[in-house]
Amino acid sequence: MIATLAMPQSKPKEKSISNFFNSFKNHFQSSPSWSDTEAELFSHIEIMNQSALMTISDLEGRIIYANELFCNVSKFTLDEVINRPHNIIRHPDTPAAVFKDMWSTIGNGKVWQAN
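Residues numbered from 1 in each chain as written. Predicted model: local features only at pLDDT ≥ 70, side-chain atom pairs only at ≥ 80, totals over all residues. Heavy atoms only, no water.

Novice: A description of the overall build of the protein chain should follow, citing residues and the corresponding values.
Specialist: Per the secondary structure count, the protein chain includes five helices and four strands. Element order for the protein chain, N to C, with α for helix and β for strand: β-α-α-β-β-α-α-α-β. When the 115 residues of the protein chain are sorted by exposure, 32% land in the buried category. Summarising the internal contacts of the protein chain: among those between residues at least 6 apart in sequence, 49% fall at separations of at least 24. (Helix = DSSP H or I, 4+ residues; strand = E, 2+ residues; numbered from the N terminus. Buried < 20%, exposed > 50% of the residue type's maximum accessible area, 1.4 Å probe, protein only. Contact = heavy atoms within 4.5 Å.)

Dropping the structure here:
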């Protein structure tokens, strides 16, 4: 599964989403007193990171977050994709209609998914 969404912000805060996920993970692993809700959220994030290629972009299409699985599959490091447009990973055989649908969906604040 591939999932992407757009975050409404005018200037990307480099790695801010990545820093959030990493801080969340580090805090969770070092804190025995997390609530069930926090533990469940962490579990969902871990499941997504292991099973779906995920990116988050700003409204101009620049990648502001990519999970580890996305980087492993695309063969790009996080530093190579942050603040870059999604078309850096576009395969030439991908129909233009796929990207039109993706940008229409995320432009409306929804999560776009492809299998």
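Novice: If you had to explain the pairing of strand E2 (residues 53-58) to someone new, which residues and values would you point to?
Specialist: Both faces of the sheet carry side chains from a regular strand, because those side chains alternate between them. For E2, the tally of buried residues reaches six of six residues, placing the bulk of the element in the interior. Alternating residues of E2 divide into Leu53, Thr55 and Ser57 and Met54, Ile56 and Asp58, and every residue in both groups is buried. Inspection of the sheet shows E2 paired to strand E3 (residues 63-66) by three bridges, in the antiparallel sense. Bridging across to E3, Ile56 finds its partner in Tyr65. If you look at the hairpin formed by E2 and E3, you'll find four residues sitting between the two strands, and Gly61 has a positive phi there, around 90 degrees. (Pairing = 2+ DSSP bridges.)

Novice: Explain the side chain of Thr105 residue by residue, including any values.
Specialist: Inspection of the secondary structure assignment puts Thr105 in helix H5 (residues 96-107). Since its relative accessible area comes to 18%, Thr105 is described here as buried. Here Thr105 is in contact with Lys110, Val111 and Trp112, once residues within four sequence places are set aside.

Novice: Tell me what's going on with the environment of Cys71, and back it up with residues and numbers.
Specialist: Assignment of secondary structure puts Cys71 in helix H3 (residues 68-74). Taking the relative accessible area as the measure of exposure, Cys71 reaches 11% and is therefore buried. For the pair Cys71 and Met54, spaced 17 residues apart in the sequence, the C-alpha separation amounts to 9.2 Å.

Novice: Describe helix H2 (residues 36-51), and please don't skip the residues or the numbers.
Specialist: Helical geometry note: an α-helix holds 3.6 residues per turn, so side chains three or four residues apart project in the same direction. Helix length check: H2, at 16 residues, gives a terminal C-alpha distance of 22 Å against a target of 22 Å (1.5 Å per residue), a fit within 8%. The complete set of buried residues in H2 reads Phe42, Ile45, Glu46 and Asn49. The arc that holds the buried residues of H2, viewed along the axis, is 100 degrees, so those residues lie on one side. The outward face of H2, more than 90 degrees from its buried face, is lined by the exposed residues Asp36 and Thr37. (Expected span 1.5 Å × (residues − 1). Arc of directions from axis to C-beta.)

Novice: Can you tell me about the environment of Leu59, naming the residues and giving the values?
Specialist: With respect to the helices and strands, the residue Leu59 is situated in the loop between E2 and E3. On the basis of relative accessible area, Leu59 is assigned to the exposed category, the value being 52%. C-alpha separation for the pair Leu59 and Asn108, spaced 49 residues apart in sequence, amounts to 9.9 Å.

Novice: Account for H5, with residues named and values stated.
Specialist: Between the first and last C-alpha of H5 there are 16 Å, a value that for 12 residues agrees with the 16 Å anticipated at 1.5 Å per step. Gly109, located one to two residues past H5, shows a positive phi value of around 80 degrees.

Novice: Talk me through unusual backbone geometry; I want residue IDs and the actual numbers.
Specialist: We note that Lys75 has phi near 70 degrees; this positive angle belongs to a residue other than glycine. Even without glycine at this site, Asn83 takes up a positive phi of about 70 degrees. Take Asn83: it is sitting in the loop between helix H4 (78-81) and H5.

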